[in-house]
Amino acid sequence: MKSVLHLPETTSTNDAAKKWAEEGAPDGAVVIADHQTAGRGRLGRSWHSPPGVNLYLSKIYRASFDLLPLQGALATRETVQKYLPPDLTAAIKWPNDILVGDYKVAGILCELFEDFALTGIGINVNMTDFPQDLRRPASSLRLIAGAEHDRDAVLKTVLDRLDHWNSNPAEVVGAFTNHCITLGREVTVTLPGREPLAGTAIGLNERGALILKDQSGVEHTIEAGDVD
Ligand code: BT5
């Protein structure tokens with residue numbers, strides 16, 4: 001039985017998991033919170049985390065870190081898909097947005113430390129009120145599917161799917177490619193402190209980095225960034 005810590009409230013499950021990992025939590029340990037008071041996205045952004053409605057969890061890994069962001073995105077995408085009406089599709093916008101149509105319903109934040117790595121996942125399950133200042137339109141399973149969902153069932157699904165993708169690394173890049181709406185599109189990649197880079201997203205490398213071909217035909221490997 002893997003270790004699971006349920007918290008009524010924390011700043012961020014990634015913070016709580018980091019602390020627990022530093023204190024010796026085993027590989028595969030999971031932290032879940034009902035409420036995050038300082039939920040985080042990438043690049044210092046915040047993740048809106050109201051109490052009692054959504055799923056906020058972080059899983060601790062002590063080995064095999066390379067594909068964690070892709071494995072997290074695949075597991076989260078499948079979880080969202082399971083709760084959608086059959087005519088709707090959940091897709092991955094590279095690297096870590098789970099979208100239904102234009103709406104973001106979940107995000108993944110992976111963090112790498114010296115001896116361990118964390119996969120943090122936030123899924124908007126039963127949330128109905130959203131702040132006005134989000135970078136893109138957001139929604140929840142409840143708003144899309146028209147019904148409340150049992151958060152424990154959603155949790156079980158995402159943990160099952162994480163186990164699946166962690167056990168099948170050879171299939172990860174191919175599966176991610178199949179579900180990634182960024183590929184084949186004209187995109188602009190931005191990274192803090194760098195000039196935006198425009199081009200066609202032509203594929204992923206073996207670690208899931210985005211390969212972008214610019215107007216001059218030069219290929220760039222993008223390890224991290226925002227794609228619009
Ligand atoms: C992400 O970052 O999408 C990663 C989100 C990861 C959240 C989980 S919750 C459990 C674990 N503990 C944490 O503290 N974090 C992880 P990014 O791509 O940077 O997107 C962040 C942006 O999404 C924000 O700047 C907002 O515009 C928007 N946003 C914030 N809260 C949202 C929400 N609940 N639903 C949809 N969009 C949101």
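Preceding block: the structure.
Residues numbered from 1 in each chain as written. Predicted model: local features only at pLDDT ≥ 70, side-chain atom pairs only at ≥ 80, totals over all residues. Heavy atoms only, no water.

Undergrad: For this particular structure, what's the right way to read the site of the ligand?
TA: Around the ligand sit 27 residues in total, of which Ser 12, Arg 40, Arg 45, Lys 104 and Arg 135 are the nearest. The contact in question runs from an oxygen atom of the ligand to an N or O atom on the backbone of Arg 42, over 2.8 Å. Considered on its own, the ligand offers 800 Å² of accessible surface; in the complex 97% of this is hidden by protein. No other element matches the four residues that strand β6 (residues 103-112) contributes to the shell around the ligand. Of the residues in the shell around the ligand, the class split is seven nonpolar, 14 polar and six charged. (Near = heavy atom within 4 Å. Polar contact = N/O pair within 3.5 Å; in protein donor to acceptor, adjacent residues only side chain to side chain. Areas by Shrake-Rupley, 256 points an atom, 1.4 Å probe, with all protein chains shown as cover. Helix = DSSP H or I, 4+ residues; strand = E, 2+ residues; numbered from the N terminus. Nonpolar A, V, L, I, M, F, W, Y, C, P; charged D, E, K, R; others polar.)

Undergrad: Can you help me understand the sheet that holds strand β11 (residues 219-222) in this one?
TA: By way of backbone hydrogen bonds, the strands of a sheet pair with one another, either parallel or antiparallel. Strand order in the open sheet made by the five strands is β11-β10-β9-β8-β12, with antiparallel pairing throughout. Lying at the two open borders of the sheet, with one neighbouring strand each, are β11 and β12 (226-227). In this structure, strand β8 (residues 186-190) lies alongside strand β9 (residues 197-204), joined through four bridges in antiparallel fashion. What sits directly across from Val 189, in β9, is Leu 197. (Pairing = 2+ DSSP bridges.)

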